[in-house]
Amino acid sequence: MKLEYLPAGKIVNTHGFRGTVKLESWCDAPQILASLDTIWFCKNKEYTPRRVLHASVFKQFVLMDLEGVESEEAANALRNTEVFAAREDLPVEEGSFFIADLIGLPVKHADTDAILGKLIDVNTSNARDLYVVKNQKGEFYIPAVPEFITHIDPDDAVYVRPIPGLIEGGED
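Conventions adopted
Residues numbered from 1 in each chain as written. Predicted model: local features only at pLDDT ≥ 70, side-chain atom pairs only at ≥ 80, totals over all residues. Heavy atoms only, no water. Salt bridge = Lys/Arg side-chain N within 4 Å of Asp/Glu carboxyl O. Helix = DSSP H or I, 4+ residues; strand = E, 2+ residues; numbered from the N terminus. Buried < 20%, exposed > 50% of the residue type's maximum accessible area, 1.4 Å probe, protein only. Phe/Tyr/Trp six-rings, centres within 6.5 Å; stacked < 30°, edge-to-face > 60°. Lys NZ or Arg CZ within 6 Å of the ring centre and 35° of its normal. Pairing = 2+ DSSP bridges. Axes fitted to C-alpha atoms, helices over the stretch in contact; angles between N-to-C directions. 1 Å grid on protein atoms, 1.4 Å probe; cavity = no way out; pocket = protein on both sides within 12 Å on 5 of 7 lines; lining within 4 Å. Points joined across faces, edges and corners; volume = space filled by probe spheres on them.

For the structure shown, the criterion picks out 4 salt bridges. A salt bridge links Asp101 to Arg87, with the nearest nitrogen and oxygen atoms 2.7 Å apart. Remark: Arg87 occurs in the loop between strand E6 (82–86) and helix H3 (99–102) and Asp101 occurs in helix H3; sequence separation between them is 14 residues. Exposure remark for Asp101: the relative accessible area of 13% places this residue in the buried category. Taking the shortest distance from any N to any O, the salt bridge between Arg161 and Asp111 comes out at 2.8 Å. Remark: Asp111 occurs in the loop between strand E7 (106–109) and strand E8 (115–123) and Arg161 occurs in the segment after strand E12 (157–160); sequence separation between them is 50 residues.

Shown next as structure tokens:
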């Protein structure tokens, strides 16, 4: 099931005294988050839109003026709030996928179709993404590079060709 709203960032601070919020972007680039006309807040599994009046990129962050947030106090009340983007508002290149669509997929050996585990997270803080996979013996990491990831079918699995010793408890 594809999510209608995807995690896009988090309000980490205020900026100035007129209600501007400072966001950590979880998009591929902060410019993507800054380009949105609407962001969404989620409370009790209900999504509510908030119109973006102005946004700009500042270093690796996004500064955003939101409709209804006109003071430092109002902006500060939103600190640590996760923000979402409507799937339809986010660009995705051919052959690329949203991380949210990959989480939970089985990870299969490209040559044998053996299930090696389940993708539980994607660590994007390194030079290369790392896929975090869990199986009965624990967690392991697979670099998201063509040498290991042969192909991804978001309706089926992530197919990998691991080197010996990469996966504990899985076939390798």
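Attention shifts here to the packing of aromatic side chains. By the definition in use, this model includes 3 aromatic pairs. Seen from their ring centres, Tyr5 and Trp40 are 4.5 Å apart, and the 45° between their planes marks the pair as tilted. Taken together, the positions of Tyr5 in strand E1 (residues 5–15) and Trp40 in strand E3 (residues 38–43) put the pair 35 residues apart, joining distant regions of the chain. Each member of the pair Tyr5 and Trp40 is classed as buried. Members of the aromatic cluster, joined through ring pairs, are Tyr5, Trp40, Tyr47 and Phe84. Residue placement shows Lys22 over the ring face of Phe61; its charged tip is 4.4 Å from the ring centre.

On to the sheet that holds strand E10 (residues 138–143), then. An order of E10-E9-E8-E7-E12-E11 is seen for the 6 strands of this open sheet, with the pairing classed as mixed. Edge positions in the open sheet fall to E10 and strand E11 (149–153), since each of these has one partner strand only. Direction aside, neighbouring strands of the sheet carry axes that sit 35° apart on average. Pairing analysis gives 5 bridges linking E8 to strand E9 (residues 130–135), with the strands arranged antiparallel. For Val122, the partnering residue across the bridge sits in E9 and is Tyr131.

We now examine the layout of surface pockets. Size it by volume and the largest pocket reaches roughly 1,200 Å³. Along the walls of the largest pocket sit 37 residues, with Trp26, Asp28, Phe97, Ile99 and Thr124 positioned nearest its centre. Of all elements in the fold, only E1, strand E2 (20–25), helix H1 (30–34), H3, E8 and E11 reach the threshold of two or more residues within the lining of the largest pocket. If one sorts the elements of the lining of the largest pocket by residue count, E11 sits on top with 4 residues.

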